[in-house]
Amino acid sequence: MDGLIEGADGLHRCKWYGGLEDYRIYHDEEWGWPVTDDQRLFEKICLEGFQSGLSWLTILRKREGFRAAFAGFDFNKVALFGDEDIARCLADAGIVRHRGKIVSTINNARRAIELKAEFGSLAAYFWRFEPKPEARPLRCDRATLSQITQSAESVALSKDLKKRGWSFVGPTTVYAFMQAMGLVNDHLEGCCRRAPLEEYRASFARPVVIPG
């Protein structure tokens, strides 16, 4: 049971949730479950960029503030942001006030529009980088996963995004995005969410490319 902690409900979960209720909800209901909604995918990759140098819990607790500041992460709206919006965000204590990351979010929204035009959806683009089963570790225990901060697929995705003009999308940031959005299942063996998630993934319909 290394890497797991027992909750008040008697269930074992990945230790990183720390027994915190808001983190438990995120762990149980969001982290690792496959996502195909473009707006959620765009939100998460932007928030992963904001997390750089900070804890995800800090970002999670400011998520509603980020959503208010960035039009719910509707990338068609964020792409239209200008200097006044940048100034507004820099004055907003409800988010991480980092000019480079704010500007990056606006840039990435414009790049997201281009991706959607090319592939039909962001989901179809991102899911092309889902690792094949044989590329995943044989065991999903703490000792194994503690050594993994990026993968061949996250390196490839990061490189392709950067080539397309995205920013704050390094391979470690992208791997965290892949974990959260369900492109990989990194709940530890023995975690109460791992088996249900594996069962769901077995019947999950991956999005397909529909060229614009």
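First, a word on what this report is: a plain description of the structure on this page. (Residues numbered from 1 in each chain as written. Predicted model: local features only at pLDDT ≥ 70, side-chain atom pairs only at ≥ 80, totals over all residues. Heavy atoms only, no water.)

Counting residues in each nonpolar core, the largest one holds 50 residues, and the members touching the most others are Phe-42, Phe-66, Phe-70, Phe-126 and Leu-161. Those residues in contact with Leu-161 that sit more than four places away from it in its chain are Ile-45, Leu-115, Tyr-125, Phe-126, Trp-166, Val-169 and Val-174. Listed in part, the six residues of the second largest apolar core include Cys-140, Leu-145, Leu-188 and Cys-191. (Core = buried A, V, L, I, M, F, W, Y, C linked by side-chain atoms within 4.5 Å. Buried < 20%, exposed > 50% of the residue type's maximum accessible area, 1.4 Å probe, protein only. Contact = heavy atoms within 4.5 Å.)

What follows deals with helix H2 (residues 38–51). With 14 residues, H2 should reach 20 Å at 1.5 Å per residue; the first-to-last C-alpha distance of 20 Å fits that figure. Most of H2 sits out of view: twelve of its 14 residues are buried. Of all the positions in H2, only Asp-38, Leu-41, Phe-42, Glu-43, Lys-44, Ile-45, Cys-46, Leu-47, Glu-48, Gly-49, Phe-50 and Gln-51 are classed as buried. For H2, the capping residue at the N-terminal end is Asp-37, with a side-chain oxygen 3.1 Å from the backbone nitrogen of Gln-39. Just past H2, the residue Gly-53 takes up positive phi, approximately 90°. (Helix = DSSP H or I, 4+ residues; strand = E, 2+ residues; numbered from the N terminus. Expected span 1.5 Å × (residues − 1). Polar contact = N/O pair within 3.5 Å; in protein donor to acceptor, adjacent residues only side chain to side chain.)

The subject of this paragraph is the environment of Phe-70. Mapping Phe-70 onto the fold places it in the loop between helix H4 (63–69) and helix H5 (75–78). Judged by relative accessible area, which is 0%, Phe-70 ranks as buried. Separated by 83 residues in sequence, Phe-70 and Glu-153 place their C-alpha atoms 28 Å apart. Not counting the four nearest positions on each side in its chain, Phe-70 is found in contact with Phe-50, Val-78, Phe-81, Cys-89, Ile-95, Ile-102 and Thr-105.

To describe a pair of aromatic rings, you give the distance between the ring centres and the angle between the ring planes. Overall, the coordinates contain 20 aromatic pairs when judged by the stated rule. Both rings, one in Phe-42 and one in Phe-73, keep their centres 6.3 Å apart while their planes meet at 65°; by these two values the pair is edge-to-face. Residue Phe-42 is found in helix H2, and its partner Phe-73 is found in the loop between H4 and H5; the two are separated by 31 residues along the sequence. The buried category is assigned to Phe-42, whose relative accessible area is 0%. Judged by centre distance (6.2 Å) and plane angle (20°), the ring pair of Phe-70 and Phe-81 falls under stacked. Residue Phe-70 is located in the loop between H4 and H5, and its partner Phe-81 is located in the loop between H5 and helix H6 (83–90); the two are separated by eleven residues in the primary sequence. For the pair Phe-70 and Phe-81, one class covers both residues: buried. Over the ring of Tyr-17 we find Arg-13, and its NZ or CZ is 5.9 Å from the ring centre. For Lys-44, the ring lying beneath its charged end belongs to Trp-56, and the centroid distance is 3.8 Å. (Phe/Tyr/Trp six-rings, centres within 6.5 Å; stacked < 30°, edge-to-face > 60°. Lys NZ or Arg CZ within 6 Å of the ring centre and 35° of its normal.)

Let's shift gears to helix H7 (residues 99–119). Taking 1.5 Å of rise per residue, the 21 residues of H7 would be expected to cover 30 Å, and the 30 Å separating its terminal C-alpha atoms lies within 8% of that figure. If you follow the buried residues of H7, they end up packed against H2, H5, H6, helix H8 (122–127) and helix H10 (152–163). Positive phi shows up at Gly-120, right after H7, with a value of about 95°.

Now for the state of the cysteines. A full pass over the atoms with the stated rule returns zero disulfides. Lacking any disulfide linkage, Cys-140 is separated from the closest cysteine sulfur, that of Cys-14, by 7.8 Å. Free of any disulfide, Cys-191 has its nearest neighbouring cysteine sulfur in Cys-14, separated by 3.8 Å. The class of Cys-191 is buried, set by a relative accessible area of 5%. (Disulfide = S-S within 2.5 Å.)

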